[in-house]
Amino acid sequence: LLKKHNCKSVLEIGCGTGNLASRFNSNTSMDYQGLDYSLDMIKIAQQRNPNIDFIHGDMRNFKLSNKVDAIIMTGRTSSYIISNKDF
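Basis of the calculations
Residues numbered from 1 in each chain as written. Predicted model: local features only at pLDDT ≥ 70, side-chain atom pairs only at ≥ 80, totals over all residues. Heavy atoms only, no water. Phe/Tyr/Trp six-rings, centres within 6.5 Å; stacked < 30°, edge-to-face > 60°. Helix = DSSP H or I, 4+ residues; strand = E, 2+ residues; numbered from the N terminus. Buried < 20%, exposed > 50% of the residue type's maximum accessible area, 1.4 Å probe, protein only. Polar contact = N/O pair within 3.5 Å; in protein donor to acceptor, adjacent residues only side chain to side chain. Contact = heavy atoms within 4.5 Å. Pairing = 2+ DSSP bridges. Axes fitted to C-alpha atoms, helices over the stretch in contact; angles between N-to-C directions. Salt bridge = Lys/Arg side-chain N within 4 Å of Asp/Glu carboxyl O. Core = buried A, V, L, I, M, F, W, Y, C linked by side-chain atoms within 4.5 Å.

*Asks:* When you look at the packing of aromatic side chains in this model, what are you seeing that I'm missing?
*Replies:* Given two aromatic rings, their pairing is described by the distance between the two centres and the angle made by the two planes. Evaluation of the coordinates by the stated rule reveals two aromatic pairs. Ring geometry for Tyr32 against Phe54: centres 6.4 Å apart, planes inclined by 70 degrees, an arrangement best described as edge-to-face. Of this pair, Tyr32 sits in strand 2 (residues 31–36) while Phe54 sits in strand 3 (residues 53–56); the two residues are 22 residues apart in sequence, bridging distant segments of the chain. Note on Tyr32: relative accessible area 4%, which makes it buried. Taken together, the ring pairs connect Phe24, Tyr32 and Phe54 into an aromatic cluster.

*Asks:* Got a minute to help me understand the side chain of Ser9 in this structure?
*Replies:* Tracing the chain through its elements places Ser9 in strand 1 (residues 9–13). Separated by 2.9 Å, the side chain of Ser9 and the backbone nitrogen of Asp69 make a polar contact. Contacts of Ser9, omitting those with residues within four sequence positions, involve Met30, Asp31, Lys67, Val68, Asp69 and Ala70.

*Asks:* Looking at this model, I keep getting lost on the sheet that holds strand 2. Mind explaining?
*Replies:* Sheet strands line up and pair through hydrogen bonds in the backbone, either parallel or antiparallel. Pairing in this open sheet of four strands is parallel, and the strands run 3-2-1-4 from one edge to the other. In this open sheet, the two edge strands, each paired with only one partner strand, are strand 3 and strand 4 (70–73). The sheet shows a mean angle of 25 degrees between the axes of neighbouring strands, direction not considered. In terms of strand pairing, strand 1 meets strand 4 through four bridges, oriented parallel. Bridging across to strand 4, Ile13 finds its partner in Met73. Sitting on the sheet, helix 1 (residues 19–27) is in contact with strand 1, strand 2, strand 3 and strand 4, with an inclination near 165 degrees to strand 1. This element, helix 2 (residues 39–48), spans strand 2 and strand 3 of the sheet and lies at about 175 degrees to strand 3.

*Asks:* Whenever I open this one, the pattern of salt bridges confuses me. Can you help?
*Replies:* When charged atoms on two side chains of opposite charge get close, those side chains can pair. Evaluated as defined, the whole model comprises one salt bridge. Two residues, Asp58 and Arg60, come together in a salt bridge whose shortest N-O distance is 2.6 Å.

*Asks:* Help me out: how do you make sense of the nonpolar core in this one?
*Replies:* In summary, soluble globular proteins display a tendency toward joint burial of nonpolar side chains. Judged by nonpolar contacts, the single largest core of 14 residues is most densely connected at Leu2, Val10, Phe24, Met30, Tyr32 and Phe54. When contributions to this core are tallied by element, the ones reaching two or more residues are helix 1, helix 2 and strand 4. Apart from the residues within four sequence positions on either side, Met30 is in contact with Leu2, Lys3, Cys7, Lys8, Ser9, Val10 and Phe24.

Structure below.
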């Protein structure tokens, strides 16, 4: 879908340990950024993907320095939002 819509940049909310980041890094030319609330997860993601930007932040309230073409959430990321207001 991202290629179909000609996306050049993507933010993954809830990037965890960077599994999807590795795929973006090796299979696409898109500018990938990952955001996660857990510093421990980001540390692992950075070790696995040293040339990718990871952001420590809360998916309910974050600011990017640059706009992205797409934002994705995979897995069970949305299950961490427990109220309609936060969603």
